[in-house]
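Chains, contacts and geometry: an overview
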Amino acid sequence: MVLMNWELIGHEWAVNLLSRHIASDQVRHAYLITGPDGVGKRTLAMRFAQAVNCTDSKNAGDFCGQCRACQFIQRKQFPDLHLVEAEDVGGILKVEQIRELQHQLALSPYEGKKRVALLLRFHEANDNAANALLKTLEEPAPKVIMLLTAQSKETLLPTIPSRCEILQLRDVSRDQIEEALVERGEGHEKAALLARLAAGRPGWAFRYASNPELLDERTEHLEDLINLLKTDRLERFKHVERLTRDWERERKRGGEHPRLRALGALEHWVSLWRDAMMLAYDATAEQRNIDRTQDIQVLVRALPPEQISEILGKFEQSKRDLQKNANVRLVMETLMLDLPRISEG
Ligand SMILES: [Zn+2]
């Protein structure tokens, strides 16, 4: 039995399970891979597609990474790999996309052993799209494998997960992420910080490691938050107006959707409030924002633990609202109303 880990960080059990399915010719027709963003769902699905179609692997259930199938799948140019996802992260996966996929899946594989349909972030599918996919899940074509990814099975119509084998990916340990970052050439200090901030998600850590501007953006967000806490409501609303206007303008120049920008800020803010809450209740708990201990101490000194916990809850709620397409400016303004004013700093 092959047990190299498909070059994945963590999730050894999932790799073992899938490679065993291939080796014993028991590949299911549909899998649902769930877990938080950046934990490794898409990477696992891509490796599985490679292992299924590899023509040159020494061991059944493994892949070589070198053959035509392996390389073309890696580049997403394999004719029997069908990638379906909403146009934007946080967008909507539409029924037309499922119909088009179904036409393609009706044909036998062009060159691969199996046609692999990879449906990413399927929680973004609307009901029409999800219902359309049901038919394909109920009457699978013989040489087709459906791979769905989603944040959790609860975010889908229940009829979808009930027709799939579910692989629920858990957080990857901090040590594993830190080690992988060092192996890729990060300095120890940065690797330690990123591994903590990643909160179990190697994909997140690698994204931040290879895009230094993301850490700069985090610094900006955290400093914004600390400054906003010292200002009054009027100042805060002005700040939101400026921020959302900038995001809109950058969007017009080809930048990210304002919703994603807001989610980025919220992620950093939630992480800081989470550290403050941990510190308020348990001084020995592991902190994530180890480079911002002073800010965290300011929050803990200025606010009672219950209030920190309540604020954290509101920030997390705003994140969920944004993921469900709420109006960006409205969400940010509501958040500003809920922020206490602190004078210490
Ligand atoms: Zn190969």
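Every value quoted in this text rests on a predicted model; they were computed, and no experiment measured them. (Residues numbered from 1 in each chain as written. Predicted model: local features only at pLDDT ≥ 70, side-chain atom pairs only at ≥ 80, totals over all residues. Heavy atoms only, no water.)

1. Observations concerning the coordination of the zinc ion
Around the zinc ion, the protein contributes the donor atoms C54 (SG), C64 (SG), C67 (SG) and C70 (SG), which lie 2.3 Å from the metal centre. Coordination at the zinc ion is tetrahedral, judged from the four donor atoms that bind it and the angles of 104 to 116° they form at the metal. Between consecutive donors of the zinc ion, the numbers of intervening residues give the motif C-x9-C-x2-C-x2-C. (Donors = N, O, S within 2.8 Å, 3.2 Å for Na, K, Ca; no water. Tetrahedral: all angles 85-135°; square planar, octahedral: opposite > 155°, others 65-115°.)

2. Quick look at the pattern of salt bridges
Within the structure shown, the criterion is met by 24 salt bridges. With a shortest N-O distance of 2.6 Å, E165 and R28 are connected by a salt bridge. Of this pair, E165 sits in strand β5 (residues 165-168) while R28 sits in the loop between α1 (12-23) and β1 (30-34); the two residues are 137 residues apart in sequence, bridging distant segments of the chain. A relative accessible area of 22% places E165 in the partly exposed class. Salt bridges here are not isolated pairs; linked through shared partners, they connect E85, R121 and E124. (Salt bridge = Lys/Arg side-chain N within 4 Å of Asp/Glu carboxyl O. Helix = DSSP H or I, 4+ residues; strand = E, 2+ residues; numbered from the N terminus. Buried < 20%, exposed > 50% of the residue type's maximum accessible area, 1.4 Å probe, protein only.)

3. Looking at the domain arrangement of the protein
Here the protein is described as being made up of domain 1 (12-168), domain 2 (174-208) and domain 3 (211-338). Put simply, the middle of domain 2 and the middle of domain 3, counted by C-alpha atoms, are 22 Å apart. Carbon and sulfur atoms supply 57% of the area buried between domain 2 and domain 3, which totals about 1200 Å² over both sides. Inspection of the domain 2/domain 3 interface yields two salt bridges. (Domains from an automatic or database assignment. Buried area = accessible area lost by both parts, 1.4 Å probe.)

4. What to know about the packing of aromatic side chains
Tallying each qualifying case throughout the model produces six aromatic pairs. Considering the side-chain rings of W204 and Y208, the 3.7 Å spacing of their centres and the 15° angle between planes classify their relative orientation as stacked. A residue pair is termed a helical-turn pair when its members lie 3 or 4 positions apart in one helix, as W204 and Y208 do in helix α8 (residues 202-210) at four residues. A single burial state applies to W204 and to Y208, both of which are buried. Between W269 and F315, the aromatic rings sit 6.1 Å apart at their centres with planes inclined by 80°, giving edge-to-face as the arrangement. Taken together, the residues W269 in helix α11 (residues 258-281) and F315 in helix α13 (residues 305-323) connect sequence positions 46 residues apart. Note on W269: relative accessible area 1%, which makes it buried. The exposure class of F315 is buried, given its relative accessible area of 2%. Taken together, the aromatic side chains of W6, Y31, F48 and F63 make up a single cluster linked through ring pairs. (Phe/Tyr/Trp six-rings, centres within 6.5 Å; stacked < 30°, edge-to-face > 60°.)

5. Focus on the environment of K94
As for its position among the elements, K94 is in the loop between β2 (81-84) and α4 (95-105). Note on K94: relative accessible area 42%, which makes it partly exposed. For K94 and E124, which are 30 residues apart along the polypeptide, the C-alpha to C-alpha distance reads 8.7 Å. Once you skip the residues sitting within four places of it in the chain, K94 turns out to touch N126 and A129. (Contact = heavy atoms within 4.5 Å.)

6. Description of the sheet that holds β1
Within the open sheet, the five strands sit side by side as β2-β3-β4-β1-β5. Their pairing is parallel. In the strand order of this sheet, the two ends are held by β2 and β5, each with one partner. Taking the axes of each pair of neighbouring strands and ignoring which way they run, one obtains an average angle of 15° across the sheet. In this sheet, strand β4 (residues 144-150) lies alongside strand β3 (residues 115-119) in parallel orientation, the contact comprising five bridges. In the sheet register, A117 faces β4, and the bridge partner there is M146. (Pairing = 2+ DSSP bridges. Axes fitted to C-alpha atoms, helices over the stretch in contact; angles between N-to-C directions.)

7. Re the nonpolar core
Among the nonpolar cores identified, the biggest contains 35 residues, and L225, W269, W273, L299, F315, M332 and L339 are the most heavily contacted of them. Every element with two or more residues in this core is listed here: α9 (212-228), α10 (233-252), α11, α12 (293-302), α13 and α14 (328-338). Element by element, the count of residues in this core is highest for α11, at 11 residues. Formed by 31 residues, the second largest nonpolar core is a distinct cluster that contains L8, I33, M46 and F63. (Core = buried A, V, L, I, M, F, W, Y, C linked by side-chain atoms within 4.5 Å.)

8. Remarks on the pairing of β3
Successive residues of a regular strand alternate their side chains across the two faces of the sheet. With five of its five residues buried, β3 lies for the most part within the structure. Taking every second residue as pointing to the same face, both faces of β3 are buried, with R115, A117 and L119 on one and V116 and L118 on the other. Each parallel crossover has a hand, and for β2 linked through α4 to β3 it is right-handed. (Right-handed = clockwise from strand over helix to strand, strands pointing away.)

9. What to know about the environment of L18
With respect to the helices and strands, L18 occurs in helix α1. As a C-alpha pair, L18 and G264 span 246 residues in sequence and 33 Å in three-dimensional space.

10. Some points on the packing of α13 against α14
Here α13 crosses α14 at 175°, and the two axes come no closer than 10 Å. What the angle tells us is that α13 and α14 run roughly antiparallel. Contact residues: α13 offers K314, F315, S318, D321 and L322, while α14 offers V328, V331, L335 and D338. In terms of residue class, the contact of α13 with α14 is made up of five nonpolar, one polar and three charged. (Parallel < 35°, antiparallel > 145°, perpendicular 65-115°, else oblique. Nonpolar A, V, L, I, M, F, W, Y, C, P; charged D, E, K, R; others polar.)

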